[in-house]
Amino acid sequence: MISREKHDRMANAIRFLSMDAVEKAKSGHPGLPMGAADIATVLFSRYLTFDPKKPDWPDRDRFVLSAGHGSMLIYSLLYLLGYDDITLDDIKNFRQLGSPTAGHPEYGHAAGIETTTGPLGQGIGNAVGMAMAERKLADEFGSDLVEHYTYALAGDGCLMEGISQEAISLAGHLKLNKLIVFWDNNSISIDGPVSLTDSTDQLARFAASGWNTLDIDGHDPDAIAQAIEAAQKSDRPTLIAAKTVIGFGAPNKAGTSGAHGSPLGDKEIVGTRKALGWAEEPFVVPSDILDAWRLAGLRSVKDRKAWESRLAEAENDVRLAFERRMNGELPGEFEPAITAYKKKLAEDLPTVATRKASEMALEVINGVVPETIGGSADLTGSNNTRTSQTKAITPDDFSGRYIHYGIREHGMAAIMNGIALHGGLIPYSGGFLIFSDYCRPSIRLAALMGIRVIHVLTHDSIGLGEDGPTHQPVEHMAALRAIPNLLMFRPADAVETAECWEIALEQAKRPSGIALTRQNLPTVRTDFTEENLCAYGAYDLVSASDAEVTIFATGSEIEIALEARQMLEANGHTTRVVSVPCFELFEEQSLEYKKAVIGDSRVKIAIEAGIRQGWDRFIGSDGLFIGMSGFGASAPYKELYEHFGITAAAAVAAVEARLHDEA
Ligand SMILES: Cc1ncc(C[n+]2csc(CCOP(=O)(O)OP(=O)(O)O)c2C)c(N)n1
């Protein structure tokens, strides 16, 4: 049992490390770590199950600092608890280049940071995903191997962001009762009191979304402990509204936005030391308090060892499957299944929309990769993301492999990140490419973190037709290609779709998006190749030596490119066609390969039913481009292609005009 006096000093260790680090860095957020120090102390010293020496123990409890600006809270905790990755020097180097103690917590910088946070609200979504993954894996592997809590600490900002509602309503619906969210209810944000902008009854909101809600004094360790124990017994996810004072202990700035996002200043820190009775120099933690924290870090060693014994005693195939999946490795059956499927496609030569081709590929994939977990934001029938293996998950039955996310794209993308971060599952989603805008902040974070989530993005151009310009992506491929470390695919037929899926699944450390058509497309890869040609990013679909013309295209515009080629060849112009399913993979090829693919034809032309941005890389700034330069329109899709001049005839006319000009 930790005495009140000891609790206070343990919490003060967090407070002083945080304010001293912010002061030294001359930037950062001392207010939240100071205000939430009591919550963190009770949680980490008494309840959270984890082992600093085995930080990736799969059945550890997860903790998400959704209010990422309070990063010093987690850095202080990790140092105090004895995680090797965060030393006192790292705390002193808060926010400096190369230090794991970045401005906001970054996944991969140090063990114990379960996700990257900072964009407010994302962490709540991630926590919901982690809790969902826990429930799913517990169903699959049993509570001997998977049974842990997911905790999150959110601020007013996280709760104000719309994404929080998307995430909490799904969590409430699915009764994710091992999810426990603390709301650091300090009534302050940057502009001042929260009352300037918000009068939501948060407890009522969470209750209405199916949550258990508790309201406590966030500086009372007993109340915090009781709340956690009550939450652990709940049959629903729990919100613990913890009333706190931002910048707790600071004589003048506590309770004001002055404590939020800037150093307290020397005088105020001296005053805080006095007010809280902390005589230590900056960055010094008294040895008895450091010992108490290090002891807290040892609390779960026994649990961890017992878990390891249970894993060792599990049936061989169960243990191997669990380990393989937690390591993020694909099963051996995967590659041969894709190869056999590609062979079959070369025989069948189907004419299908690539969204349908994606479903066909998924039928094969889901049959051999049990860790995929699909879903859609209420567009299952349009996205074709559900296969025969993927029964829906329901509040009472997590044996399924399909999540009906509801109309919640942003929540879905953040939840998928949480599922991937948890490990053991590979989430893929379904949505319209146009609404990738609604997922973008979470897709960006997936790319920043380097995690495997796969977004199925259908209805990828004006080719969707009658739904019109509100639904027709124009700038979206360019916008998604702009995100570093994201693979953005636009396959041209069923074979390329299978190959893009294969690549996306093989990316253990980056997310992918696959843009797919609504309209039917013929098979253009008619000859079977065991090699995955899409892995080159761009490749010769139809080669020609000394080609006068090279046509670059993606997805549905490959069909147009092939038709244009035939017309050009008939007119005596030797023409190559290059399929470009993935810009990013192309950039990773050797210089020699890239030079050869781009080639030196007299005329280079690109065809994509989107904007030109990015294409000059292939065609040069003087190249020809057939695509969109504004928004689409509502009409049958064939008419739209004519209307916007995305046709083989238009391509041929442009090429011949250029050849004529040059002659
Ligand atoms: C999506 C997003 N918008 C804006 C910000 C900038 N920002 C960081 S903290 C903050 C205020 C958050 O207030 P609160 O959650 O109450 O945190 P506290 O003041 O209690 O530290 C804002 C607007 C952000 N990090 N993320």
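The rules we used
Residues numbered from 1 in each chain as written. Predicted model: local features only at pLDDT ≥ 70, side-chain atom pairs only at ≥ 80, totals over all residues. Heavy atoms only, no water. UniProt positions renumbered as here; feature names shortened; annotations may be inferred. Axes fitted to C-alpha atoms, helices over the stretch in contact; angles between N-to-C directions. Helix = DSSP H or I, 4+ residues; strand = E, 2+ residues; numbered from the N terminus. Parallel < 35°, antiparallel > 145°, perpendicular 65-115°, else oblique. Contact = heavy atoms within 4.5 Å. Nonpolar A, V, L, I, M, F, W, Y, C, P; charged D, E, K, R; others polar. Pairing = 2+ DSSP bridges. Left-handed = near helix turned anticlockwise from the far one by under 90°. Expected span 1.5 Å × (residues − 1). Buried < 20%, exposed > 50% of the residue type's maximum accessible area, 1.4 Å probe, protein only. Arc of directions from axis to C-beta. Lys, Arg positive; Asp, Glu negative; His and termini not counted. Salt bridge = Lys/Arg side-chain N within 4 Å of Asp/Glu carboxyl O. Polar contact = N/O pair within 3.5 Å; in protein donor to acceptor, adjacent residues only side chain to side chain. Phe/Tyr/Trp six-rings, centres within 6.5 Å; stacked < 30°, edge-to-face > 60°.

The protein is annotated in an unreviewed UniProt entry as Transketolase from Hoeflea alexandrii. Under the heading Subunit (unreviewed entry), UniProt records this for the protein: "Homodimer." As stated in UniProt under Function (unreviewed entry), the record for the protein gives "Catalyzes the transfer of a two-carbon ketol group from a ketose donor to an aldose acceptor, via a covalent intermediate with the cofactor thiamine pyrophosphate."

At a minimum axis distance of 10 Å, the contact between helix H1 (residues 4-25) and helix H11 (residues 287-298) shows a crossing angle of 90°. As judged from the angle between their axes, H1 and H11 are roughly perpendicular. Between H1 and H11, the contacting residues are Lys-6, Arg-9, Met-10, Ala-13 and Ile-14 on the first element and Asp-288, Ile-289, Ala-292 and Trp-293 on the second. Along the lines of polarity and charge, the residues of the contact of H1 with H11 split into six nonpolar, no polar and three charged.

To continue, consider the sheet that holds strand S9 (residues 426-432). Reading across the sheet, the six strands line up as S8-S7-S9-S10-S12-S11 and stay open at both edges, with parallel pairing between neighbours. Two strands close off the open sheet at either side, each with one partner strand: strand S8 (402-404) and strand S11 (487-489). Put simply, the sheet's adjacent strands are angled 20° from each other on average, direction ignored. Packing of helix H15 (residues 354-368) onto the sheet brings it into contact with strand S7 (372-376), S9, strand S10 (454-458) and strand S12 (512-516), and relative to S12 it is tilted by some 135°. Running at roughly 165° to S12, helix H20 (residues 494-506) makes contact with S7, S9, S10, S11 and S12 of the sheet.

What follows deals with the packing of helix H7 (residues 162-173) against helix H17 (residues 409-422). To describe two helices that pack against each other, one gives the angle between their axes and the distance between the axes. Between H7 and H17, the least distance of the axes is 8 Å, while the angle of their chain directions is 70°. Between H7 and H17, the interaxial angle falls into the category roughly perpendicular. The element H7 and its partner H17 pack so that their crossing is right-handed. Here Ile-163, Glu-166, Ala-167 and Leu-170 of H7 lie close against H17, whose contacting residues are Glu-409, His-410, Gly-411, Ala-414 and Ile-415.

Another point: helix H26 (residues 648-662). Spanning 15 residues, H26 covers 21 Å between terminal C-alpha atoms, matching the ideal 21 Å at 1.5 Å per step. When we look at burial in H26, the residues that qualify are Ala-648, Ala-651, Val-652, Val-655 and Leu-659. Looking straight down H26, one finds that the buried residues subtend no more than 95° of arc, so they occupy a single side. Projecting away from the buried face of H26 at angles above 90 degrees are the exposed residues His-660 and Asp-661. Where H26 is buried, its residues contact strand S15 (549-553), helix H21 (557-570), strand S17 (603-607) and strand S18 (624-626).

Further remarks concern the environment of Gly-400. Here Gly-400 shows up in the loop between helix H16 (380-383) and S8. The residues touching Gly-400, leaving out its near neighbours within four places in the chain, are Lys-136, Lys-391, Ala-392 and Ile-393.

Counting through the fold element by element, Arg-62 comes out in strand S1 (residues 62-65). The side chain of Arg-62 is buried and forms no salt bridge, while Glu-114, the nearest opposite charge, is found at 4.0 Å. Here the side chain of Arg-62 touches Arg-60 through a polar contact of 2.7 Å, landing on its backbone oxygen. For Arg-62, the contacting residues outside a window of four places in its chain are Leu-48, Trp-57, Glu-114, Met-130, His-148, Tyr-149, Thr-150, Tyr-151 and His-422.

A few words on the packing of aromatic side chains. Here the structure, examined in full by the defined rule, presents 20 aromatic pairs. Residues Phe-141 and Phe-322 carry aromatic rings whose centres are separated by 5.2 Å and whose planes lie at 80° to one another, so their mutual orientation is edge-to-face. Here Phe-322 lies in helix H13 (residues 316-326) and Phe-141 lies in helix H5 (residues 122-141), a separation of 181 residues in the sequence. An identical accessibility class is assigned to Phe-141 and Phe-322; each is buried.

The final tally for this structure, using the stated rule, is 31 salt bridges. The closest approach of N and O atoms between Lys-344 and Asp-348, which form a salt bridge, is 2.7 Å. Of this pair, Lys-344 and Asp-348 both sit in helix H14 (residues 334-348), four residues apart, which is roughly one turn of that helix. With relative accessibility at 47%, the residue Lys-344 sits in the partly exposed group. Relative accessible area serves as the criterion here: at 44%, Asp-348 is assigned to the partly exposed category. Among the charged side chains, a network of salt bridges with common partners joins Glu-5, Arg-9 and Asp-288.

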